[in-house]
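Single-letter residue listing:
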Amino acid sequence: MNATNLHLFVLVVPLLSALAINLLGRRSRQWIAPMVLGSLAFSVFGSIIIMARVIEHGTLSYTVGNWQPPYGIELVVDPLSALMMVLISVVALLASFSSLKSVEQELPGREHLFFTLYMILIAGLFGLVLTGDAFNLYVLLEITSITTYGLIAMGRGRAALSSFNYIIMGSIGACFYLLGIGYIYILTGTLNMADIARILPTLNAPVATATAIAFALVGLWVKMAFFPLHSWLPNAYSQAPTGAGTMVAPLMTKVTVYLMVRVILSMYTPALVFTHEWIAQGVVWASALAIICGSVLALGQKDLRRMLTYIIVAEVGYMVGGIFLANANGLTGSILHIVNDALMTLCLFLVVAAIIYRQGSVSLVSLQGVFRRMPITMAAFTLGAFAMIGVPPTCGFFSKWYLILGGIDGGHWEFVIALVASSLINAVLFFRIIELAYFGSLQDGDHHEHLSTQRHEAPWWMLSPLVLTAVLLIVVGLSTGPLINNVIRLMIPVGF
Amino acid sequence: MRDIHEHTAGEDLIIKTSVRLMVPFIQVFGLYVIVHGHYSPGGGFQGGVILGASFILLALAFGMKTSQEYMTVGVNAVLNNLGPAIFIGVGVLCTLFGGLFLDYSALDKLIPLGPVEWRSFGIFLIEIGVGVAVMSIMVLLYWNLSSGGSMDEGL
């Protein structure tokens, strides 16, 4: 056994533990926590070692079953996918601490089913960032989506209906992506991404190529909830079990954005995607609209978790817009924002999970005076809110800075205005909650529910990952420089 | 009331007798399809579906309880996980013997059959894993859907 297979073990260990959890977890729930945490901890260490190796030795290429690409399935670990592996494993590990606790409360007796899906989802996400094969990507995208449908449907109330909506939208998205790949296969006769990137520019079939690109990108936009196609997301993410939300919300949309970056950079090549300037401009306008609409819709919500889901819609607009600015700063900002947004969303959803665990609801009314009851949780919330708004030492500031620079470089003032406006709306959103939570009463005075002021902090299992995530927000923010120099700059294609 | 119950339970001599006659042949055919999957038309998925269908046929003709006598819920749960575990396990075994994931020729060090022969035999092991998984999941899906998730009463 040697280290060449390490990145595959990062994927395989959660997958095998999913089977073991399903089998042993139904006998005794004592088995679940050690297996979930153990396998994810292994993945974290594995990913970090791979990241170090990739930075030192350059891109790793691996063939499954030793069938040579372009015929066999190739796995490619370049700096960006290594970064995504570390991100996924760290977020999944931190989220699983909190999930274990909230699933114990919300789904007693069904924990083994929940964590089987949970671990398969994580394995699927690892597969998505590893693969260098366009069809393999489709299969893994469906694995992650189907497990997510299952996780969301385990929620209470109308969760099953929301999950069904997501199934319909998600399947349409997957079909679109598959059609795009079908066109590509007809055109090039290959499914290997590097091979497609080599053959496609030599073909001189502009209409067919454009159709293929359009189908695949629209498919991915449905999956990532890009603004006009976002309608499935708020219901699905806010009605999912709390434990599912803490992991799905930070990772699913962000990994899909990564897939779009991967498809544009490594498969369709930027030159072909950005041939028609008006298309790229149209997408930037659409993402400016996404940012504004997402933020405004968030303003109208009466529930913290629902509000956060609309903020996710706005954040997807940030990242898509940054990529379609088609310049180095915009792309840097987008990739950086994938990392930062995953951590910020994780932080805020961990807070939601902690508050729901203690008081069962995160409606704005029930948040009155929550600072007094859960001071550490709310301190972390404030930090996460600052990151979302983009206050300097936190990581949210740096990616927004690059995105704004990219917008100015590309002359897209509508994008810059949307970014600034969204930051201001975020400030209003979060300070409204912080005020409510700190000073403790709604101004209209209609709600005189009896809410205790006794200190009742979340359990250690939920608090420690939350505090760690909040610290990470600042650590990642301060290490933006090395992150860009060692990882992201290597991904910027020539000519940007 | 009794009529409906008898009808849903499939109390019919012709159905029961023909199912009793057909099930062994269906299962042998399912095994045949799995075993021949790696070098002729067939495969683990198709064979697994046929095997699963034989248990569903039993449930349709004799009731769910009867099918659960032949494959208990516990056995089904084990098979559910055993199938994927065989698939992944073979892959991991290949890496343990110095090859890449799912590179069956590396298993030559375990049992010296020759690397080319192992390429053929390795995919056969994978097909068995797929077959076991598909069979048990098919049956589990049917049990769950026909009993509304309770897995005790139903068609």
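Parameters and conventions
- Residues numbered from 1 in each chain as written.
- Chains lettered and ligands numbered in written order.
- Predicted model: local features only at pLDDT ≥ 70, side-chain atom pairs only at ≥ 80, totals over all residues.
- Helix = DSSP H or I, 4+ residues; strand = E, 2+ residues; numbered from the N terminus.
- Rg over C-alpha atoms; globule rule 2.2 N^0.38 Å.
- Buried ≥ 20, exposed ≤ 12 C-beta atoms within 10 Å, placed from the backbone.
- Contact = placed C-beta atoms within 7 Å.
- Nonpolar A, V, L, I, M, F, W, Y, C, P; charged D, E, K, R; others polar.
- Core = buried A, V, L, I, M, F, W, Y, C linked by C-beta atoms within 7 Å.
- Expected span 1.5 Å × (residues − 1).
- Bend = angle between axes of the 7 residues up to and from the residue.
- Pairing = 2+ DSSP bridges.
- Axes fitted to C-alpha atoms, helices over the stretch in contact; angles between N-to-C directions.
- Parallel < 35°, antiparallel > 145°, perpendicular 65-115°, else oblique.

Asker: Is there a simple way to explain the overall build of chain B in this structure?
Answerer: For chain B, the count of helices and strands is six helices and zero strands. Across chain B, helices and strands are ordered from the amino to the carboxyl terminus as α-α-α-α-α-α. In terms of C-alpha radius of gyration, chain B reaches 19 Å, well past the compact-globule figure of 15 Å for 155 residues. Counting only C-alpha atoms and orienting by the principal axes, one finds that chain B spans roughly 65 × 30 × 20 Å. Buried residues in chain B amount to 36% of all 155 residues. Of all intrachain contacts in chain B linking residues separated by at least 6 positions in sequence, the fraction that spans at least 24 positions is 61%.

Asker: Can you help me understand the overall build of chain A in this one?
Answerer: Each helix and strand in chain A was counted, giving 20 helices and two strands. Taken over the C-alpha trace, chain A has a radius of gyration of 22 Å; the compact-globule value for 496 residues is 23 Å, and the two agree within 12%. For the C-alpha atoms alone, the extent of chain A along its principal axes is close to 70 × 55 × 40 Å. Residues classed as buried in chain A amount to 59% of the 496 residues present. In chain A, of all internal contacts separated by at least 6 residues, the share reaching a separation of at least 24 is 80%.

Asker: What's the story with the interface of chain A and chain B in this structure? I'm lost.
Answerer: Accessible area lost on assembly of the parts is the figure often given for the size of an interface. Taken together, the 15 residues of chain A in the interface contact 14 residues of chain B. Mapped by element, the contributors of at least two residues to the side of chain A that touches chain B are helix 1 (6-24) and strand 1 (60-63) of chain A. Grouping the constituent residues of the side of chain A that touches chain B by class yields nine nonpolar, five polar and one charged.

Asker: Explain the nonpolar core to me, please; I cannot follow it from the model alone.
Answerer: Across soluble globular proteins, nonpolar side chains have a tendency to be buried as a group. Residues and elements named next belong to chain A. If you look at the biggest cluster of nonpolar residues, it comprises 226 residues, and the most contacted ones within it are Ile88, Cys347 and Ala354. Of all the elements, helix 14 (residues 328-359) adds the most residues to this core, at 20 residues. Setting aside chain neighbours within four positions, we find Ala354 in contact with Met374, Thr377, Ala458, Met462, Leu463 and Leu466.

Asker: Sorry, what's going on with helix 10 (residues 242-267) of chain A here?
Answerer: Along an α-helix, a turn takes 3.6 residues, which lines up residues three or four apart on a common side. All names here are of chain A. Between its first and last C-alpha atoms helix 10 spans 36 Å; for 26 residues at 1.5 Å apiece the expected length is 38 Å, and the two agree. Remark: the principal bend of helix 10, roughly 40 degrees, maps to Val248, with a proline, Pro250, within the next four residues. Counting buried positions along helix 10 gives 26 out of 26 residues, so the element sits mostly inside the fold.

Asker: Honestly, unusual backbone geometry in this entry has me stumped. Any pointers?
Answerer: Keep in mind that most residues, glycine aside, have a negative phi and that most peptide bonds are trans. Residues and elements named next belong to chain A. Look at the link from Pro69 to Pro70: it is a cis peptide, with omega at 10 degrees. Assignment of secondary structure puts Pro70 in the loop between strand 1 and strand 2 (74-77). Despite not being glycine, Ala326 shows a phi value in the positive range, around 55 degrees. Overall, the presence of 22 C-beta atoms within 10 Å leaves Ala326 in the buried class.

Asker: Before we go on, may I ask you to explain helix 17 (residues 395-410) of chain A in this structure?
Answerer: Residue and element names in this part refer to chain A. Spanning 16 residues, helix 17 covers 23 Å between terminal C-alpha atoms, matching the ideal 22 Å at 1.5 Å per step. By the burial criterion, the buried members of helix 17 are Cys395, Gly396, Phe398, Ser399, Lys400, Tyr402, Leu403, Ile404, Gly406, Gly407 and Gly410. At the exit of helix 17 stands Gly411, carrying a positive phi of roughly 75 degrees.

Asker: Please explain the pairing of strand 2 of chain A as it appears in this structure.
Answerer: Within a regular strand, side chains alternate between the sheet's two faces. All names here are of chain A. Burial of the side chains of strand 2 extends over both faces: Glu74 and Val76 are buried on one face and Leu75 and Val77 on the other. Note that strand 1 and strand 2 share four bridges and pair antiparallel. Residue Tyr62 lies in a different strand from strand 2, and its bridge partner there is Leu75.

Asker: Please explain the environment of Gly440 of chain A as it appears in this structure.
Answerer: Residues and elements named next belong to chain A. If you trace the backbone, Gly440 turns up in the loop between helix 18 (413-439) and helix 19 (460-478). The spacing of Gly440 and Ser145 is 295 residues in sequence and 40 Å in space, taken between C-alpha atoms. Leave out the neighbours within four places in its chain, and Gly440 touches Gln368 and Gly369.

Asker: What should I look at first to understand the packing of helix 3 (residues 79-106) of chain A against helix 10 of chain A in this one?
Answerer: Packed helices, taken two at a time, are described by the angle between their axes plus the distance between the axes. Residues and elements named next belong to chain A. For the pair helix 3 and helix 10, the least separation of the axes is 6 Å and the interaxial angle reads 160 degrees. Relative to helix 10, helix 3 is oriented roughly antiparallel. On helix 10, the residues that touch Met84, Ile88, Val91, Ala92, Ala95, Ser98, Ser99, Ser102, Val103 and Glu106 of helix 3 are Thr242, Gly243, Thr246, Met247, Pro250, Leu251 and Tyr258. In terms of residue class, the contact of helix 3 with helix 10 is built from 10 nonpolar, six polar and one charged.

Asker: Explain the environment of Ile49 of chain A here, please?
Answerer: Within the secondary structure, Ile49 of chain A sits in helix 2 (residues 32-57). Assessed through the 16 C-beta atoms surrounding it within 10 Å, Ile49 of chain A is described here as partly exposed.

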